[in-house]
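Structural overview
As a plain string of letters, each chain reads:
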Amino acid sequence: MNYEELQAAAGVIIERTGRESHDVALVLGSGLSDFAGTLPGAIEVPYTDLPGFPVPRVVGHGGSLFSAELEGGSALVFAGRVHYYEGWPLDKVVAGVRTAVMAGARIVVLTNAAGGVNPAFAPGDLVLITDHLNLTGANPLMGTNDDRLGTRFPDLTDLYSADLRALAGAVGDELKVDLKEGVYAWLSGPSYESPAEIQMVSRMGGDLVGMSTVPEAIAVRHMGAKVMGISLCTNLAAGISSTPLSHDEVKEVAGLAHDKFTRLLTELLPRLMAAGAT
Ligand code: HPA
C-alpha cells in the first residue's frame, strides 16, 4: 500500500473508532489472537472494511483489528496478520503496522509462534526478540522509497529496543512470568525448515525460527517507531524435535500459553503507553 492508501486506511480507523490517535499497536501471532477478546470495550474493525488491506487466507488467523482504551492511552490490536508465504507482496504484509504508525502508534509490539533452535528453549516459553536474521533475501523496503514514510537506508541497530525489553523483563519479574531472550531467524515457509537449515540457523546465531515479524519490524523502524518482539516457542525446531512438526501442535501449545501471554500483555501494554509518552 502506498502513502495515500495507508492514510486512507488510517482515516477509516479514526472514523470507526472515534479515536484521533492510538499510542501502541499489537500484532497477535498464530494461535494468540484470543487476546483480542480480553480487551474491555474494544471496537472491532474487520480488515475487509479497510480499503487496500490484505485479508488473511489461513484458517485460524482471524481478520480484524480492535481498538481499546486502556490505562494511559489506546491500543490498536491486530488479530491476524498476512504472511509472505501466502503469496502477498511485502508491502501488503507490512500494511497493518504501517497503518498503525500512521494512526499514531509510537510503539509496535509484534508477537508470533516460533520454533525453538536454542536447546535451552522449551515449548511454552515466551522469548523477547533481541535481534533478527533475515534469511529470505526479501525486504519490505525494496522498490522506490517514499521519503514521507522514511529514509532509503534505515539503520537496524537496536531494532528490538533494549529499553522496551528491559521494561518487559521488569513486568515479567513482577508477574513471575519467565521471559527468555533470543535472535529470531525469518525463513519464508510455508514448509517448516529442514533439519539442515535448522543447523545452519543455529551456527549463524539464531535461537528461534519463524515465518513472520521481521518485515514488519523493518517497516516500523523505517517509519521511526519503536519495536518490541515476543515469540512464543511452540515447538522444538526440525531435527531438534524427535517428532514431525505440525500446525496443530503450534496451535495447541499457543492455546496452553494463553493465560500467561494474556497476563503479560495486559500488564505490559499500559507500561508501554507510559514509556511511549516520554
Ligand atoms: N518453524 C517456523 N515457523 C514456526 C515454527 C517452526 O518450527 N513453529 C511455529 N512457527
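Up top is the structure.
Note that the structure is predicted; figures quoted are calculated from it, not measured.

Using the criterion set out here, one finds 12 salt bridges in the structure. Here Lys226 ties to Asp163 by a salt bridge, and the two come within 4.0 Å at their closest N and O atoms. In this pair, Lys226 is assigned in strand β9 (residues 226-236) and Asp163 in helix α4 (residues 162-175), connecting sequence segments 63 residues apart. Overall, the relative accessible area of 36% leaves Lys226 in the partly exposed class. Residues Arg165 and Glu181 are paired through a salt bridge, measuring 3.7 Å at the closest nitrogen-oxygen approach. Here Glu181 lies in strand β7 (residues 179-186) and Arg165 lies in helix α4, a separation of 16 residues in the sequence. Classification of Glu181 by relative accessible area gives partly exposed; the value is 42%. Bridged by salt links that share partners, the residues Glu4, Asp146 and Arg148 form one connected network.

What follows covers the pairing of strand β3 (residues 64-70). With six of seven residues buried, β3 lies mostly within the body of the structure. Sheet analysis places strand β2 (residues 43-46) next to β3, joined by four bridges and oriented antiparallel. Bridge assignment links Ile43 to a residue of β3, and that residue is Ser67. Strand direction decides the pairing type here: β3 and strand β4 (residues 73-79), joined by seven bridges, are antiparallel. Bridge pairing in β4 places Ser64 opposite Ala79. From the end of β3 to the start of β4, which pair antiparallel, there are two residues, and Gly72 there has a positive phi angle of about 95°.

The subject of this paragraph is the site of the ligand. As a structural note, the neighbourhood of the ligand is formed by Ala113, Ala114, Gly115, Tyr192, Glu193, Val209, Gly210, Met211, Thr234, Asn235, Leu245 and Val250. Backbone polar atom of Gly115 to a nitrogen atom of the ligand: 3.4 Å apart, as the coordinates give it. At 2.8 Å from a nitrogen atom of the ligand is found a side-chain nitrogen or oxygen belonging to Glu193. Contact with the protein chains removes 95% of the 260 Å² of surface that the ligand exposes when unbound. Judged by the fraction of its atoms near the pocket grid, the ligand is located in the largest pocket. Elements supplying a minimum of two residues to the shell around the ligand: β5 (107-116), β8 (208-210) and β9. Per-element accounting of the shell around the ligand gives the leading share, three residues, to β5. Residues that form the shell around the ligand fall into these classes: seven nonpolar, four polar and one charged.

Thresholds, definitions, all that
- Residues numbered from 1 in each chain as written.
- Predicted model: local features only at pLDDT ≥ 70, side-chain atom pairs only at ≥ 80, totals over all residues.
- Heavy atoms only, no water.
- Salt bridge = Lys/Arg side-chain N within 4 Å of Asp/Glu carboxyl O.
- Helix = DSSP H or I, 4+ residues; strand = E, 2+ residues; numbered from the N terminus.
- Buried < 20%, exposed > 50% of the residue type's maximum accessible area, 1.4 Å probe, protein only.
- Pairing = 2+ DSSP bridges.
- Near = heavy atom within 4 Å.
- Polar contact = N/O pair within 3.5 Å; in protein donor to acceptor, adjacent residues only side chain to side chain.
- Areas by Shrake-Rupley, 256 points an atom, 1.4 Å probe, with all protein chains shown as cover.
- 1 Å grid on protein atoms, 1.4 Å probe; cavity = no way out; pocket = protein on both sides within 12 Å on 5 of 7 lines; lining within 4 Å.
- Sits in = over half its atoms within 2 Å of the grid points.
- Nonpolar A, V, L, I, M, F, W, Y, C, P; charged D, E, K, R; others polar.

So far we have only geometry, and geometry alone does not tell us how the molecule works.
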